[in-house]
Amino acid sequence: ATHSAVSEELDDLIRKWAPDYPAILALQVLIEPDLISGALSDALVVAKSYRPKFAGAPDQLNALLNLLTDSPSGVIRSRLDSTVNTSFAEYSPVISADGKRLYFCRDEGMLLNSDENILISELTSDGFWGRAVSLPPFDGREHESPLAISSDGSTLLLFREGRIMTSRRTASGWSTPQPAGAAINESRWQGGASLSADGKALIFAAIRPECLGPGSRDVDLFVAVRKSGDTWGTPINLGPAINTTLEDRSPFLHPDQKTLYFSSRGHGGLGKLDVFKAVRTGPSWTDWSTPVNLGREINTPGDDWGYKVSTDGQRAYYAGGGGPSLSDILTVTLPESLRPDPVSTIAGLVLDDSSGSPLDATILIEDLTTGREVATLTSSPATGAFFITLPQGGLYSYTITRQGYLDAANHLDLTGVSTPVNRIERTVRLRTLTTAAADGASLVLNNLFFDTDSATLRPESFPQLRRLAALLNRAQLPIEIAGHTDNEGSATYNQTLSEARAQSVKSWLIDNGVDSSLLKSAGYGESRPIAPNTTPESRARNRRVEITFR
């Protein structure tokens, strides 16, 4: 009788409000028992019976009907094992960009004289998650949960008492959390957050006056753009393509830097919070495609939120109930249509060339086509490790710098790459300036580019030349600029071309403020190869300009 009375009341609400959105909300509640019990056909019959009431505005009802009739795509759900999940509640998973570390929150309650703490589990060599351990200093009496980890693993965002906090990785562990900034934390509540892979944008959920919905409980998604250091610009509402007049929260911006996963009550779905995918379509942070519901194999009639998608786009991590505790960490495979764009990952080590000890160095990534800085990151002070994700299809340079050391630079051509994840590994050994000068060391300028059969420098060369000029002006070290070629063409032609290219670099440096007395140029043609001239790749290595300290 009680169930019948509730159904009659919901029926009255649907008929009263249709085709306006409150009617869809009432319909979602009406069919929820059928969805929970698996009676999908019964839910579909009920939903279809209201089609005449939505004739004037059918989109919301059609979206629900499509969810109920979509063919299964074969998603696979799995619960992480007891090394992560316990009888306590585990939630708020955050997966590192390299896929090797899982941060999450565990609420151990008063039984262990603690509250919400952050733990970490590391992937073992055989592909299983190791036993989770507490992560100092996030293991005290504060209520803390992880929100996001930067793509290089050096910055952790966490939630504490309605505020977004920041902690930095140091040689001795994680630093004491500090507020992310006044611009971020100026409202009375801000929650889920995601850092862009380049570290320049922070998307977060907040209750702010700029929210699109009425009242003081509407949650919208905002973006703040980094000004410098830890200073953020004024948050901007992501706009009506993403935000609704109801609750929109739990953002995750994939490392492809344009695919956004988030949860919403206002875009229609199976009920309460559903997870959606949207793609950034233009340069503005308000340029988004129409959000797509992740479907009934992923969404439920309850609250679905906190989804974090792996860098390869194949699976999502989230928290869910139904196990031995109120909440456990689970994973679900994503169908191809719901995956983000492919990315390339670059992992490596920065080491001292003499001792082999790890170095915390700055790695600058630039787009050589546009000259735009793509990202700046720091290698781990404890291990020298670094990790970055880059969108495929671009031509990038990377430059590794540390005070007192000779820069290391090279480029990454991803213009022809189209694999789901393109993994690149690099180990870079830095030499101190003192050692390099004393040993007469040579350094290939890997990011110099010339027109074919020409000594004309292309604009992509200018970033490395500017840094070389700054180094020479700072250190006042004399160098020889040497041009080299492969063995294609006559020896006379190659000798002339090598001399002209070396002279072109020398002239550019002089024109940009370097003392000419520090510079000597020479051409060696094809006489000093560093690789056999047997393949296109080896011949490309021989076509080079290098500097030698003298």
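Residues numbered from 1 in each chain as written. Predicted model: local features only at pLDDT ≥ 70, side-chain atom pairs only at ≥ 80, totals over all residues. Heavy atoms only, no water.

## Thoughts on the packing of helix α2 (residues 21–37) against helix α3 (residues 40–48)
Two numbers describe how α2 lies on α3: the axes approach to 8 Å, and their chain directions differ by 160°. Judged by the angle between their axes, α2 and α3 are roughly antiparallel. Here the hand of the crossing between α2 and α3 comes out right-handed. Residue-level contacts link Leu27, Leu30, Ile31, Asp34 and Leu35 of α2 to Leu40, Asp42, Ala43, Val46 and Ala47 of α3. A per-class count over the contact of α2 with α3 returns 8 nonpolar, no polar and 2 charged. (Axes fitted to C-alpha atoms, helices over the stretch in contact; angles between N-to-C directions. Helix = DSSP H or I, 4+ residues; strand = E, 2+ residues; numbered from the N terminus. Parallel < 35°, antiparallel > 145°, perpendicular 65-115°, else oblique. Left-handed = near helix turned anticlockwise from the far one by under 90°. Contact = heavy atoms within 4.5 Å. Nonpolar A, V, L, I, M, F, W, Y, C, P; charged D, E, K, R; others polar.)

## Focus on empty space enclosed by the protein
Evaluation of the coordinates by the stated rule reveals 4 cavities of 30 Å³ or more. Of the volumes computed, that of the largest cavity is approximately 210 Å³. What lines the largest cavity is a set of 20 residues, among which Ile95, Ile149, Phe252, Leu253 and Pro255 lie closest to the centre. Counting only elements with at least two residues in the lining of the largest cavity, the list comes to β2 (89–95), β6 (144–149), β11 (189–195), β16 (248–253) and β20 (308–309). Considering only residue class, the lining of the largest cavity consists of 13 nonpolar, 6 polar and 1 charged. Space inside the second largest cavity adds up to approximately 90 Å³. Thr399, Leu406, Asp407, Ala409, Leu443, Leu445, Gln464, Arg467, Leu468 and Leu471 together form the lining of the second largest cavity. Its residues assigned to classes, the lining of the second largest cavity shows 6 nonpolar, 2 polar and 2 charged. (1 Å grid on protein atoms, 1.4 Å probe; cavity = no way out; pocket = protein on both sides within 12 Å on 5 of 7 lines; lining within 4 Å. Points joined across faces, edges and corners; volume = space filled by probe spheres on them.)

## Description of unusual backbone geometry
Of note, the bond from Ala18 into Pro19 is cis; its omega dihedral lies within 30 degrees of zero at 5°. Mapping Pro19 onto the fold places it in the loop between α1 (2–17) and α2. Cis geometry marks the peptide bond from Pro136 to Pro137; its omega dihedral reads 0°. Within the secondary structure layout, Pro137 lies in the loop between β5 (133–134) and β6. One non-glycine residue with positive phi stands out, namely Gln257, at about 70°. Secondary-structure assignment places Gln257 in the loop between β16 and β17 (259–264).

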